[in-house]
Amino acid sequence: MPKPVVAIVGRPNVGKSTIFNRIVGERVAIVEDVPGVTRDRLYSSAEWLNKEFNLIDTGGIEIGDEPLLNQMREQAELAIKEADVIIFMVNGREGVTNADQEVAKILFRSKKPLVLGVNKIDNPEMREDLYEFYSLGIGEPYPISGTHGLGLGDLLDEVIKHFPDDIDEGYDEDTIRISLIGRPNVGKSSLVNAMLGEERVIVSNIPGTTRDAIDTPFSRDEQEYVLIDTAGMRKRGKVYESTEKYSVLRSLKAIERSDVVLVVLNAEEGIIEQDKKIAGYAHEAGRAVIIVVNKWDAIEKDDKTMKEFEQKIRDHFLFLTYAPILFTSAKTKQRLQHVLPTVKKVSENHNLRVSTSVLNDMIMDAVAMNPTPTDNGRRLKINYVTQVAVGPPTFVFFVNEPELMHFSYERFLENRLRATFDFEGTPIKIFARRKNE
């Protein structure tokens, strides 16, 4: 199920970004050591009391040259549409301002769960300043200090009370859920229609559990699929059209509901930074990934064009070396017949389980080929390996000293796993644990 979305809303200089960083904590600071993964600090995963959620800092959404109050209003409206719970942030030192009251009116009309955070309450004596914030009509104000990290526990306790209950999507576990992600105008809608063909008119569009998504179930060659259509989910209006980062949030929701993610690129426009950001979320979420280059019919080609474009993709998407690349055209239906068989194949790889005995034999051979690293006279010793999960395949290496598992050797082991077993299209997770843990 997709994670709940929490948005932090408030006027400038109330400390939204400080609170954002406090809540996400080390998740932002400790980044995956994979070249080419780009991150946008506007969105991040967070966790409180074993409940995971996505956090949005609306302060990072810049909306053209609009006057400040209009920008704030549009940011608040964006949060209202996308969030399950909204943290309304105000400045305890400045009291209630006209801008606070304006934003409060917008949020109050939304009927969304609201939690009022009064920031910059840095000492107990300042708690008397809280009472005027009841006038906003939001409810109980929660005193917090972003600088010192005070009061966040009580605030988050209240936030998670409002998370929606898990909803059973009603799909059979063998059904493969597919989403097409990418920035606007790469041709996602056209690809959806071309993939479904005439079946589009005979299947019923079932509203998905994610707001505004349309799920389209269909079957092909005795395999059940569900297309999670993000293509038609763009709203009209300045806040959406001028906010490129908005498309990332939409994609994030679709990714979390998917088994296989099709990262769609526009062959005419090439690769831009936003493509890498959106693809990076699919990689981090551990989903199977296929890179689909659409509008390939519009490119003037010679015998080197495809190979050169593929190399360009590999150079830009260093974190997706495992993802197959398909060159297609929704317009001419060129190579579209390869999409669903590839989806089925990478889905199988995503859920592939390797027996422990075969796995350990393979690792022993790999270590014989390339001995484990040493550090100050200490050598890494791998006692045994076990696969603990699928979707994506996840392996735990029980070793004598986990810190001796250098990144380069971990990459070698991953490459050996990929060379031995067919893991095309799926990320692999590797963890080192001390044997007696």
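Given the structure is predicted, the values throughout are model-derived calculations rather than measurements. (Residues numbered from 1 in each chain as written. Predicted model: local features only at pLDDT ≥ 70, side-chain atom pairs only at ≥ 80, totals over all residues. Heavy atoms only, no water.)

Along its length, the protein carries 14 helices and 18 strands. Put simply, the protein has 437 residues, and 52% of those count as buried. A separation threshold of at least 6 residues defines the contact pool for the protein, and within that pool the share at least 24 residues apart is 73%. Carbon together with sulfur atoms contributes 47% to the accessible area of the protein, which is approximately 20800 Å² in total. (Helix = DSSP H or I, 4+ residues; strand = E, 2+ residues; numbered from the N terminus. Buried < 20%, exposed > 50% of the residue type's maximum accessible area, 1.4 Å probe, protein only. Contact = heavy atoms within 4.5 Å. Areas by Shrake-Rupley, 256 points an atom, 1.4 Å probe, with all protein chains shown as cover.)

So, on to the sheet that holds strand β16 (residues 382-389). Taken in spatial order, the three strands make up an open sheet running β16-β17-β18, and their pairing is mixed. Whereas interior strands pair on both sides, the edge strands pair on one side only; in this sheet they are β16 and β18 (429-434). Pairwise comparison of adjacent strand axes, ignoring direction, gives a mean angle of 25 degrees for this sheet. Alignment of β16 against strand β17 (residues 394-399), held across six bridges, turns out to be antiparallel. In the sheet register, Ala389 faces β17, and the bridge partner there is Thr394. Helix α13 (residues 356-369) contacts β16 and β17 of the sheet and is inclined by roughly 135 degrees relative to β16. Together, β16, β17 and β18 form the strand contacts of helix α14 (residues 407-420), whose direction differs from that of β18 by roughly 125 degrees. (Pairing = 2+ DSSP bridges. Axes fitted to C-alpha atoms, helices over the stretch in contact; angles between N-to-C directions.)

We now examine the sheet that holds strand β3 (residues 51-57). The strand order across the open sheet formed by six strands is β2-β3-β1-β4-β5-β6, and the pairing between neighbours is mixed. Both edges of this open sheet fall to β2 (43-48) and β6 (141-143), since each of them pairs with a single strand only. Taking the axes of each pair of neighbouring strands and ignoring which way they run, one obtains an average angle of 30 degrees across the sheet. As paired elements, strand β5 (residues 114-119) and β6 share three bridges and run parallel to each other. For Val118, the partnering residue across the bridge sits in β6 and is Pro143. Where helix α1 (residues 16-24) meets the sheet, its contacts fall on β1 (5-9), β2, β3, β4 (85-91) and β5, and the angle it forms with β3 comes to roughly 160 degrees. Each of β1, β2, β3, β4, β5 and β6 is contacted by helix α5 (residues 152-161), which is oriented at about 170 degrees to β5, the strand it contacts most.

A separate point is the packing of α13 against α14. In the contact formed by α13 and α14, the axes pass within 10 Å of each other and the chain directions differ by 125 degrees. Relative to α14, α13 is oriented oblique. Crossing of α13 over α14 shows right-handed handedness. Residues Leu359, Met362, Ile363, Ala366, Val367 and Met369 of α13 form the contact with α14, whose own contacting residues are Tyr409, Phe412, Leu413, Arg416, Leu417 and Thr420. Of the residues in the contact of α13 with α14, the class split is 10 nonpolar, one polar and one charged. (Parallel < 35°, antiparallel > 145°, perpendicular 65-115°, else oblique. Left-handed = near helix turned anticlockwise from the far one by under 90°. Nonpolar A, V, L, I, M, F, W, Y, C, P; charged D, E, K, R; others polar.)

This part is about the environment of Pro2. Inspection of the secondary structure puts Pro2 in the segment before β1. It is 5.7 Å that separates the C-alpha atoms of Pro2 and Arg257, two residues lying 255 residues apart in sequence.

Right, let's talk about the pairing of strand β12 (residues 288-294) for a bit. Taken across its seven residues, β12 has seven buried, putting it largely inside the fold. Burial along β12 is two-sided: Ala288, Ile290, Val292 and Asn294 facing one way and Val289, Ile291 and Val293 facing the other are all buried. As paired strands, strand β11 (residues 260-266) and β12 are joined by seven bridges and run parallel to one another. By the bridge assignment for β12, Asn266 is matched with Asn294. Considered for its hand, the β-α-β crossover made up of β12, helix α11 (residues 305-316) and strand β13 (residues 325-327) is right-handed. (Right-handed = clockwise from strand over helix to strand, strands pointing away.)

Now for the nonpolar core. Counting residues in each nonpolar core, the largest one holds 48 residues, and the members touching the most others are Phe88, Val293, Ile313 and Leu320. In this structure, Phe88 is in contact with Val9, Gly10, Asp100, Val103, Ala104, Leu107, Val115, Leu116, Gly117, Leu136 and Ile138, ignoring residues within four places of it in sequence. Among the nonpolar cores identified, the runner-up in size contains 25 residues, and Ile178, Val192, Leu196 and Leu227 belong to it. (Core = buried A, V, L, I, M, F, W, Y, C linked by side-chain atoms within 4.5 Å.)

Moving on to a negative patch on the surface. Together, Glu125, Glu128, Asp129 and Glu132 line one region of the surface with negative charge. Its place among the elements puts Glu125 in the loop between β5 and β6. (Patch = residues over 30% accessible without salt bridge, like charges linked within 9 Å, V, L, I, M, F, W, Y side chains within 5 Å. Salt bridge = Lys/Arg side-chain N within 4 Å of Asp/Glu carboxyl O. Lys, Arg positive; Asp, Glu negative; His and termini not counted. Charge placed at Lys NZ, Arg CZ, Asp CG, Glu CD.)

Take the pattern of salt bridges next. Tallied over the full model, the rule gives 15 salt bridges. With its nearest N and O atoms 2.9 Å apart, the salt bridge here joins Asp100 to Arg11. Linking Asp100 in helix α4 (residues 98-109) with Arg11 in the loop between β1 and α1, this pair joins segments that are 89 residues apart in sequence. Looking at Asp100, the relative accessible area reads 1%, which means it is buried. On the basis of relative accessibility, which here comes to 9%, the residue Arg11 falls in the buried class. Between Glu158 and Lys161 there is a salt bridge whose closest N-O contact spans 3.4 Å. Placement of the pair is Glu158 and Lys161 together in helix α5, with a separation of three residues, close to one helical turn. Residue class for Glu158 comes out buried when judged on its relative accessible area of 17%. Here Lys161 falls in the exposed class, since its relative accessible area comes to 63%.

Mean pLDDT over the protein stands at 81; residues scoring 70 or higher make up 81%. Low pLDDT, under 50, characterises residues 27-41; the predicted model gives this stretch 30 contacts beyond four residues in sequence or across chains. This stretch, residues 231-243, has a pLDDT under 50; its non-local contacts, to residues over four places away or in other chains, come to 28 contacts. (pLDDT = per-residue confidence, 0-100.)

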